[in-house]
Amino acid sequence: MNLLHDSWILFDFKRKSHNPDLHQFFSKKFKSNEQIKRIYKETGHYFSLMENESARIIWIDEYPLLLIKKDVLTFLGVPKTTISRDTSKDVWSGTGKKLTFQSEKMKAVTVLARKVSFVDSTVLILGKTGVGKSHIAKLIHQHSHRSNMQFVTVNCSSIPESLIEAELFGYTAGSFTGGHKGGKQGIFQSVSGGTIFLDEIGEMPFHLQAKLLEVIQENQIRPIGSARSIPVDVRIIAATNRDLEEMVKKKLFREDLFYRLNVVPIHIPSLSERKEDLEVLITYFSEIFSKKYEVQKVFTPEAISAFYQYDWPGNVRELENIIERLFVTVEDSTISLKDLPERFSALSINFNNEAPLPPFLPLKEAKRQFEEDLISRAFNIYKNTYKVAEVLRVNQSTIARKVKELREKGEL
């Protein structure tokens with residue numbers, strides 16, 4: 001787990017070594033979860049005091065450590081190559097997949113997610129279907145003091161209403177026909193110490209919302225058929241694609257539960273609001289499916305341009321599914337506009353739609369700008385002058401020369 005701010009790192013100057021994995025470091029030094037939990041809070045407090053500082057010695061249970069900015073680590077003789085990579089583009093979500101982005105909007109989301117991971121506040125993740133709410137939930141758990149405990153996802157819309165209460169809260173022996181003879185622990189009890197992610201919380205039956213409120217307020221559950229409450233220790237992260245405030249007005253969602261869940265809201269923007277992430281997402285998914293299906297494919301500039309113009313109602317999940325389908329169904333090594341689903345065919349092609357050329361620009365200058373923009377976009381996607389040359393159908397030496405010129409000008 002990285003520190004709260006990507007520009008800072010923990011340095012153990014007694015051993016002359018740095019450790020970007022804060023949780024692993026604390027777990028080795030301090031054994032009990034309560035101790036680690038307290039230390040997280042102490043460390044988070046130091047960050048709030050270090051806005052204008054480059055380094056500070058801190059004492060954690062009489063053990064001296066140095067919090068230091070990465071850009072001054074060279075003074076300590078730490079090679080830059082050993083410093084953990086910037087997570088602004090690649091954040092492991094704990095699913096084997098990366099939360100990949102380069103937009104400022106998503107960077108702000110992950111910064112907030114890391115901040116709340118240091119405390120046990122209830123988090124409500126908001127966003128449309130397919131934006132990656134579960135990835136953010138797993139990211140929060142992975143960076144928390146509960147990361148070595150269970151993380152369980154409960155999709156409130158997929159469990160039948162007749163079963164969801166028993167699944168969440170458990171039941172005692174003889175509570176109902178067909179149950180286990182000795183009763184059964186619910187998810188809240190079995191995951192005690194860990195994190196429960198309640199996805200699609202807006203679909204939770206109204207009559208169960210009061211029991212969930214009791215878990216949040218009192219840290220206890222009451223199984224079906226039991227008159228006795230059982231203490232539990234869980235962190236609750238909820239998510240929804242619905243407007244809970246509107247549901248509260250319509251008496252479809254409890255107002256008190258809404259405010260208990262909405263302690264720290266995290267809104268994930270739709271893909272249409274952050275199209276600058278398309279570039280790294282297309283590259284990432286292309287790499288994934290190249291390895292999975294053992295094929296190499298590239299997209300033509302026309303196909304990429306169509307991706308930028310499309311609104312992506314299904315968000316990142318739709319993009320991933322489309323790229324996988326194209327890697328499976330397209331026989332050629334190049335994926336062109338004609339290979340895209342029918343809904344893309346009506347899109348007009350405009351390679352420079354994000355930054356249109358000014359009117360009456362001299363033709364020679366317009367050609368130069370268009371060529372540089374085209375090469376820059378293609379290189380950012382394929383990362384290889386040979387592939388760019390293949391897609392644009394020119395000599396590789398021409399692309400290599402143009403890329404060098406763009407880099408010298410600081411435009412690539």
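Remember, predicted model here, so these are calculated numbers, not experimental data.

1. Structural notes on the overall build of the chain
At step 1: Scanning the chain from terminus to terminus reveals 15 helices and 17 strands.
At step 2: In the chain, which comprises 412 residues, the proportion classed as buried is 48%.
At step 3: For the chain, restricting intrachain contacts to residue pairs at least 6 apart in sequence, the fraction spanning at least 24 positions comes to 68%.
At step 4: For the chain, the computed accessible surface area is about 21,100 Å², with 50% contributed by carbon and sulfur atoms.

2. Details of the layout of surface pockets
Picture a little ball the size of a water molecule; that probe, rolled over the atoms, points out where space is still empty.
At step 1: Of the pockets and cavities examined, the largest pocket occupies roughly 420 Å³.
At step 2: Lining of the largest pocket is provided by 24 residues; of these, Gly130, Val131, Gly132, His135 and Arg317 occupy positions nearest its centre.
At step 3: Among the secondary structure elements, those contributing two or more residues to the lining of the largest pocket are strand 6 (98-100), helix 4 (133-142), helix 10 (278-293) and helix 12 (315-329).
At step 4: With four residues, the single largest contributor to the lining of the largest pocket is helix 12.
At step 5: Broken down by class, the residue content of the lining of the largest pocket amounts to eight nonpolar, eight polar and eight charged.

3. Some details on the packing of aromatic side chains
Each aromatic ring pair is summarised here by two numbers: the centre-to-centre distance and the angle between the ring planes.
At step 1: According to the stated counting rule, one finds 12 aromatic pairs in the structure shown.
At step 2: Ring centres of Phe307 and Trp312 lie 5.4 Å apart, and the angle between their planes is 75°; this geometry places the pair in the edge-to-face category. Residue Phe307 shares its accessibility class with Trp312, and that shared class is buried.
At step 3: Each residue in the set Phe299, Phe307, Tyr310, Trp312 and Phe344 is aromatic and connected to the rest through ring pairs, giving one cluster.
At step 4: A cation over an aromatic ring shows up here: Lys211 above the ring of Phe169, its NZ or CZ 4.7 Å from the ring centre.
At step 5: A cation over a ring is seen here: Arg377 above Tyr308, with NZ or CZ 5.7 Å from the ring centre.

4. What about the packing of helix 14 (residues 385-392) against helix 15 (residues 396-408)?
At step 1: Two elements in contact, helix 14 and helix 15, have axes separated by 8 Å at closest approach and are oriented at 120°. Regarding helix 14 and helix 15, the two cross each other, and that crossing is right-handed. Contacts between helix 14 and helix 15 involve Thr385, Tyr386, Val388, Ala389 and Leu392 from the former and Gln396, Ile399, Ala400 and Val403 from the latter.
At step 2: Classifying every residue of the contact of helix 14 with helix 15 gives seven nonpolar, two polar and no charged.

5. A word on the pattern of salt bridges
At step 1: As enumerated under the stated definition, the model contains 16 salt bridges in all.
At step 2: Close ionic contact of Lys107 with Glu104 constitutes a salt bridge, the shortest N to O distance being 3.4 Å. Residue Lys107 and its partner Glu104 are located together in helix 3 (residues 104-117), separated by three residues, close to a single helical turn.
At step 3: Under the relative-accessibility criterion, Lys107 is labelled partly exposed at 28%.
At step 4: On the accessibility criterion, Glu104 (56% relative accessible area) is exposed.

6. Looking at the sheet that holds strand 7 (residues 123-126)
At step 1: With parallel pairing, five strands are arranged side by side in an open sheet as 8-11-14-7-15. Unpaired on one side and paired on the other, strand 8 (151-155) and strand 15 (264-267) mark the two borders of the sheet. Averaged over neighbouring strand pairs, the angle between their axes works out to 20° when direction is ignored.
At step 2: Where strand 11 (residues 195-199) lies against strand 14 (residues 235-240), four bridges are found, and the strand directions are parallel. Bridging across to strand 14, Leu198 finds its partner in Ala238.

7. What about the side chain of His141?
At step 1: Secondary-structure assignment places His141 in helix 4.
At step 2: At 3.2 Å, the side chain of His141 and the backbone oxygen of Met149 are in polar contact.
At step 3: If we skip the residues at most four places from it in the chain, His141 touches Arg146, Ser147, Met149, Gln150, Phe151 and Thr195.

8. Some remarks on the pairing of strand 7
On a regular strand, one side chain projects to one face of the sheet and the next to the other, so that they alternate.
At step 1: Sheet topology places strand 7 next to strand 14; four bridges connect them, and they run parallel. Residue pairing across strands places Leu126 opposite Thr240, the latter belonging to strand 14.
At step 2: Both strand 7 and strand 15 contribute to a ladder of four bridges, which runs parallel. In the strand pairing of strand 15, Ile125 is matched with Ile266.

9. Comments concerning unusual backbone geometry
At step 1: Phi is positive for Lys251, which is not a glycine, with a value near 65°.
At step 2: Position of Lys251 relative to the elements: it lies in the loop between helix 8 (244-249) and helix 9 (255-261).
At step 3: For Lys251, a relative accessible area of 66% puts it in the exposed group.
At step 4: Phi is positive for Glu294, which is not a glycine, with a value near 55°.
At step 5: Following the sequence through the fold, Glu294 ends up in the loop between helix 10 and strand 16 (298-299).
At step 6: Owing to a relative accessible area of 73%, Glu294 belongs among the exposed residues under this scheme.

The rules behind these values
- Residues numbered from 1 in each chain as written.
- Predicted model: local features only at pLDDT ≥ 70, side-chain atom pairs only at ≥ 80, totals over all residues.
- Heavy atoms only, no water.
- Helix = DSSP H or I, 4+ residues; strand = E, 2+ residues; numbered from the N terminus.
- Buried < 20%, exposed > 50% of the residue type's maximum accessible area, 1.4 Å probe, protein only.
- Contact = heavy atoms within 4.5 Å.
- Areas by Shrake-Rupley, 256 points an atom, 1.4 Å probe, with all protein chains shown as cover.
- 1 Å grid on protein atoms, 1.4 Å probe; cavity = no way out; pocket = protein on both sides within 12 Å on 5 of 7 lines; lining within 4 Å.
- Points joined across faces, edges and corners; volume = space filled by probe spheres on them.
- Nonpolar A, V, L, I, M, F, W, Y, C, P; charged D, E, K, R; others polar.
- Phe/Tyr/Trp six-rings, centres within 6.5 Å; stacked < 30°, edge-to-face > 60°.
- Lys NZ or Arg CZ within 6 Å of the ring centre and 35° of its normal.
- Axes fitted to C-alpha atoms, helices over the stretch in contact; angles between N-to-C directions.
- Left-handed = near helix turned anticlockwise from the far one by under 90°.
- Salt bridge = Lys/Arg side-chain N within 4 Å of Asp/Glu carboxyl O.
- Pairing = 2+ DSSP bridges.
- Polar contact = N/O pair within 3.5 Å; in protein donor to acceptor, adjacent residues only side chain to side chain.

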